[in-house]
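Commentary on secondary and tertiary structure
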Amino acid sequence: MPTPGYAGLILLADLSSRSVSTIQTAEHVDRFLGGKGLATSIYWQEVPPEAGAFDPENSLVFATGPLCGLPGVAGSRWEVCGKSPGPPSGFNYANLGGRWGATLKTAGYDGLVVQGASDRPVYVLISDGQAEFRDAGALWDKGAIQTREMLKRELGASTSIVAIGPAGENRAVMASLLADGNASGSAGLGAVMGAKGLKAIAVRGSGGRVKPARPDEYQELAARFRQLERSFPSTGWEYLSRWSRDPLSDPRIMPGPEMDKEPCYGCLGNCSRKVYQGPNGNKGKFLCHSAFFYQPYTDRLYGDWHDSAFLATQLCDDYGIDAVALDLMINWLLRCRDAGILSDENSAIPLSRVGTPEFIESLVSKIARREGIGDLLAQGIGAAAQSLGTGAQELAAGAGYLGEAGYHPYDPRLYLANAMHYALEPRMPIQLLHEVGLVMAKWAAGAKGLTPITGEVIKTIAARFWGSEAAADFTTWEGKALAAKMIQ
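Residues numbered from 1 in each chain as written. Predicted model: local features only at pLDDT ≥ 70, side-chain atom pairs only at ≥ 80, totals over all residues. Heavy atoms only, no water.

**Points about the overall build of the chain**
A count of helices and strands for the chain gives 20 helices and 15 strands. Computed over its C-alpha atoms, the radius of gyration of the chain comes to 22 Å, within 12% of the 23 Å expected for a compact globule of 488 residues. The burial tally for the chain puts 51% of its 488 residues in the buried class. For the chain, the proportion of contacts with a sequence separation of at least 24, taken over those separated by at least 6, is 63%. Carbon and sulfur atoms provide 54% of the accessible area of the chain, an area that totals close to 21,000 Å². Taking the average place of the 46 positive charges on the side chains of the chain and the average place of its 51 negative ones, the gap between the two points comes to 3 Å. (Helix = DSSP H or I, 4+ residues; strand = E, 2+ residues; numbered from the N terminus. Rg over C-alpha atoms; globule rule 2.2 N^0.38 Å. Buried < 20%, exposed > 50% of the residue type's maximum accessible area, 1.4 Å probe, protein only. Contact = heavy atoms within 4.5 Å. Areas by Shrake-Rupley, 256 points an atom, 1.4 Å probe, with all protein chains shown as cover. Lys, Arg positive; Asp, Glu negative; His and termini not counted. Charge placed at Lys NZ, Arg CZ, Asp CG, Glu CD.)

**Quick look at the layout of surface pockets**
In this structure, the second largest pocket encloses a volume near 300 Å³. If you trace the second largest pocket, you find 20 residues lining it, with K152, D180, G181, N182 and E262 closest to the centre. Those elements that place two or more of their residues in the lining of the second largest pocket are α4 (144-155) and β15 (283-285). Residues that form the lining of the second largest pocket fall into these classes: four nonpolar, seven polar and nine charged. (1 Å grid on protein atoms, 1.4 Å probe; cavity = no way out; pocket = protein on both sides within 12 Å on 5 of 7 lines; lining within 4 Å. Points joined across faces, edges and corners; volume = space filled by probe spheres on them. Nonpolar A, V, L, I, M, F, W, Y, C, P; charged D, E, K, R; others polar.)

**Let's talk about the packing of helix α10 (residues 308-319) against helix α13 (residues 357-369)**
Here α10 crosses α13 at 10°, and the two axes come no closer than 10 Å. Classified by the angle their axes make, α10 and α13 are roughly parallel. Along the contact surface, α10 presents S308, L311, A312, L315 and Y319, while α13 presents P357, I360, E361, V364, S365, A368 and R369. (Axes fitted to C-alpha atoms, helices over the stretch in contact; angles between N-to-C directions. Parallel < 35°, antiparallel > 145°, perpendicular 65-115°, else oblique.)

**Comments concerning the sheet that holds strand β2 (residues 19-24)**
Strand order in the open sheet made by the six strands is β2-β1-β6-β3-β4-β5, with mixed pairing throughout. Pairing within the sheet leaves two strands with one partner each, and these edge strands are β2 and β5 (90-96). The mean inter-strand angle of the sheet, taken between neighbouring strand axes irrespective of direction, is 20°. Against the sheet, helix α2 (residues 34-46) contacts β1 (9-14), β3 (60-64), β4 (78-84), β5 and β6 (111-115), and its axis sits at roughly 150° relative to β3. (Pairing = 2+ DSSP bridges.)

**Thoughts on the sheet that holds strand β12 (residues 198-204)**
Sheet strands associate in pairs through backbone hydrogen bonding, adopting either a parallel or an antiparallel arrangement. Spatial ordering of the open sheet is given by β8-β7-β12-β9-β10-β11, a layout of six strands whose pairing is mixed. With partners counted over all chains shown, the strands left at the sheet margins are β8 (130-135) and β11 (184-185), one partner each. Sheet analysis places strand β9 (residues 160-163) next to β12, joined by four bridges and oriented antiparallel. Residue pairing across strands places I161 opposite A202, the latter belonging to β12.

**Side note on the pattern of salt bridges**
Across all of its chains, the model carries 16 salt bridges by this definition. Here E358 ties to R353 by a salt bridge, and the two come within 3.9 Å at their closest N and O atoms. One salt bridge in this structure joins R413 and D411, with 2.7 Å as the shortest N-O distance. What makes R413 exposed here is its relative accessible area of 69%. Among the charged side chains, a salt-bridge network with shared partners connects R18, D119 and R120. (Salt bridge = Lys/Arg side-chain N within 4 Å of Asp/Glu carboxyl O.)

**Concerning the pairing of β2**
Note: β1 against β2, six bridges, orientation antiparallel. Considered in β2, the bridge of L9 is made with Q24. Here β1 folds back onto β2, and the loop between the two strands holds four residues, one of which, R18, carries a positive phi near 55°.

**Some details on the packing of aromatic side chains**
Across all of its chains, the model carries ten aromatic pairs by this definition. Considering the side-chain rings of Y415 and F474, the 5.2 Å spacing of their centres and the 65° angle between planes classify their relative orientation as edge-to-face. In this pair, Y415 is assigned in the loop between α16 (390-397) and α17 (418-424) and F474 in the loop between α19 (455-465) and α20 (480-487), connecting sequence segments 59 residues apart. The two residues Y415 and F474 agree in class, both being buried. Taken together, F293, Y294, Y297 and F359 form an aromatic cluster joined through their ring pairs. Geometry around W140 places K199 over its ring, the cationic atom sitting 5.9 Å from the centre. Above the face of the Y93 ring, R427 is positioned so that its terminal group lies 5.5 Å from the ring centre. (Phe/Tyr/Trp six-rings, centres within 6.5 Å; stacked < 30°, edge-to-face > 60°. Lys NZ or Arg CZ within 6 Å of the ring centre and 35° of its normal.)

So, in structure tokens, the structure goes:
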């Protein structure tokens, strides 16, 4: 009998030998919690410390936890782990939502370990306990969105797909993966997938849902979760936009007629995850940092909402580039332009046209295909700045997010408990940073009368969830270690 919460098997797919095998999930989950714990345990056994991110010896592990695939508790999350190209290179992870992880469970597997490397482009098809390697030559150089749609037409609309775009194929260090619902995963693991010659993983499953250990108690908890979720309003990204003239009604942030919910598996959709449809009929996920990062530039240029912001999101998804990394890249490039280091002419990118479709298309395509200066930028800001000289390096140190030099909404120098999270994680641990950052963003909005979150509310939250009221006093280290522990 499988361990409750799990399908029971992990699939091993060796791209070098074109062979597949399985191991028992129970070999790992008795000691390690969740998809991240499962993937980390396998990585520790599989990957030698001397292996480089792009070496065949680096395994890429796709893993689910015991809640993934269970209905009623938003059980959609799944993990991808492996040695990332960095910088710095080392073990890293990406966490995604949507439906792909739940579909893997119904296909009979809790995880997939991709080993070796293929000498030609392939994709893996997993279907109800079976797996095979298929030629992906016709998919190579296609966008991740296009690849997904092509495979769905061939394999059926219910097939779940995770794929990479040209950035992953060409090993750009900020290359991402894209799954159904435009669920994206960062940490440069799209480049690892590309180095293995693996364009996509398609999954079809018709098996039943996994069983919890204590079904009656689970149903009680799921019912309570649904009741609580319905009692709270949307998480309210409208409060977090610093450019909206009217945060309570601006259709750029609030879901207007063209914005529809697109919940992940097992979720009520009571969050900011929405689908935007542009005038050309294109639809896609539009939320969070991938939606915000280009908006300040379009606002400054056009003075009102412009589809360039949505185009930027779609380009990142299709080419397979992490929007957070691109945000910092744009900020740094513009600082280099202002300092006279870069220009439209010597970069062959229309830096003077930031905010337009032409700028973002030129930048994203050059990085993804490593054309011209894009070959340098695909190595990351650090390597690119070093090549451009001391002035560019100094400017890189002050590059910020969302169009503002030096701006960082989760800066550990501001929210002291976050310093512990950065120190203990291989990447920007956004799932931990949100615990303080989002609450304080709503407090800042409350200071403007936009939310009911006051200082007293923050103190109450800190006492209950962060260990003490002192955790909300960001002028002292008192209570911050306990807060970090509570949040973890």
